[in-house]
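Coordinates in review
Here are the chains, one letter per residue:
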Amino acid sequence: MLNSILLSADTSAVSVEQFLICTAASLILGVMIALVHCYKNRASKNFLLTLAILPVIVQVVIMIVNGNLGTGVAVMGAFSLVRFRSLPGNSREIGSIFLAMAIGLATGVGYVGIAAVLFVIVALIQILLMVLPMIGENQYEKDLKITIPENLDYQNIFDDVFETYTISAELNKVRTVNMGSLYELQYRVVLKDQSKEKAFLDDLRCRNGNLNIFCGRPAVNREEL
């Protein structure tokens, strides 16, 4: 099952039937990679299309280059030019691209079974890690922005409210808004009880004169490799 379906490393020995089997496996696994990448993730149609066809492209390149040093050097130079005309992606995008390339390499030398097993293992790990809560992740963590008049001392004005509704509250940034007549306080808070978020905001409104309050998910930095 995990052996190569190609009889020889020489590309001239690859039959039409073997080529079509490898190509079909590459295309099917590429589409499945794109579907797994969409799970709990946003991706453009162009990127998903790239993931779907990348294993086929790599597979054909490997079949053509196999045993030909000059062609291999030319292909390496072409891929290096593509690298400098591409924008860096986040860590999950790069992981999916490497998976697609690995599957293309495997099918390019006939190891269709290994390519399928590799996809199943990596896909299961990705889905499992997306479903399970990660260490350090807190679903009750919020970004909180409170607007107050300039005549209020913001140092301790909300301490008792935070003590009632939050596990922790950290003031990250203070800036002036509305031509300096208002202050905007930016906090990172962890709520004790998600169901009491409205009561928490109502108490804050009583302190800041019913000015603007924003409470939402923490901003996630874009990870790049």
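Residues numbered from 1 in each chain as written. Predicted model: local features only at pLDDT ≥ 70, side-chain atom pairs only at ≥ 80, totals over all residues. Heavy atoms only, no water.

**Points about helix H4 (residues 91-108)**
Under the convention used in this document: For the purposes of this entry, the term helix denotes a DSSP run of H or I that reaches at least four residues, the term strand denotes a run of E that reaches at least two, and both are numbered from the N terminus. What a helix should span is 1.5 Å times the count of its residues minus one. For the exposure calls, accessible area comes from a 1.4 Å probe over protein chains only, and a residue counts as buried if that area is under 20% of its type's maximum, exposed if over 50%, partly exposed in between. Only heavy atoms matter for contacts: two residues are in contact if any of them lie within 4.5 Å across the pair.
Spanning 18 residues, H4 covers 26 Å between terminal C-alpha atoms, matching the ideal 26 Å at 1.5 Å per step. Taken together, the buried positions of H4 are Arg92, Glu93, Ile94, Ser96, Leu99, Ala100, Ile103, Gly104, Ala106, Thr107 and Gly108. Where the residues of H4 are buried, they touch helix H1 (16-38), helix H2 (45-65) and helix H5 (112-131). Gly110 lies just past H4 and shows a positive phi near 95 degrees.

**A word on the pairing of strand E3 (residues 182-191)**
Filter applied, for reference: Two strands pair under a simple rule: DSSP has to find at least two bridges between them.
For E3, the buried fraction is high: eight of the 10 residues fall into the buried class. In this structure, strand E1 (residues 141-149) lies alongside E3, joined through nine bridges in antiparallel fashion. Residue pairing in the sheet places Glu141 in a bridge with Val190 of E3. Here strand E2 (residues 166-177) pairs with E3 via 10 bridges, running antiparallel. If you follow Leu171 over to E3, its bridge partner there is Tyr187.

**Here we look at unusual backbone geometry**
Here Lys40, not a glycine, exhibits a phi torsion of approximately 55 degrees, which is positive. Inspection of the secondary structure puts Lys40 in the loop between H1 and H2. The backbone phi angle of Asn210 is positive, close to 65 degrees, even though this residue is not glycine.

**Remarks on the pattern of salt bridges**
Definition in use: In the sections that follow, a salt bridge refers to a side-chain nitrogen of Lys or Arg positioned within 4 Å of a carboxyl oxygen of Asp or Glu.
Taken as a whole, this structure holds six salt bridges when the rule is applied. For Arg188, the salt bridge identified is with Glu141, shortest N-O distance 3.3 Å. You can see Arg188 sitting in strand E3 and its partner Glu141 sitting in strand E1, a full 47 residues away along the chain. Classification of Arg188 as partly exposed rests on a relative accessible area of 24%. Residues participating in the shared-partner salt-bridge network are Glu141, Asp143 and Arg188.

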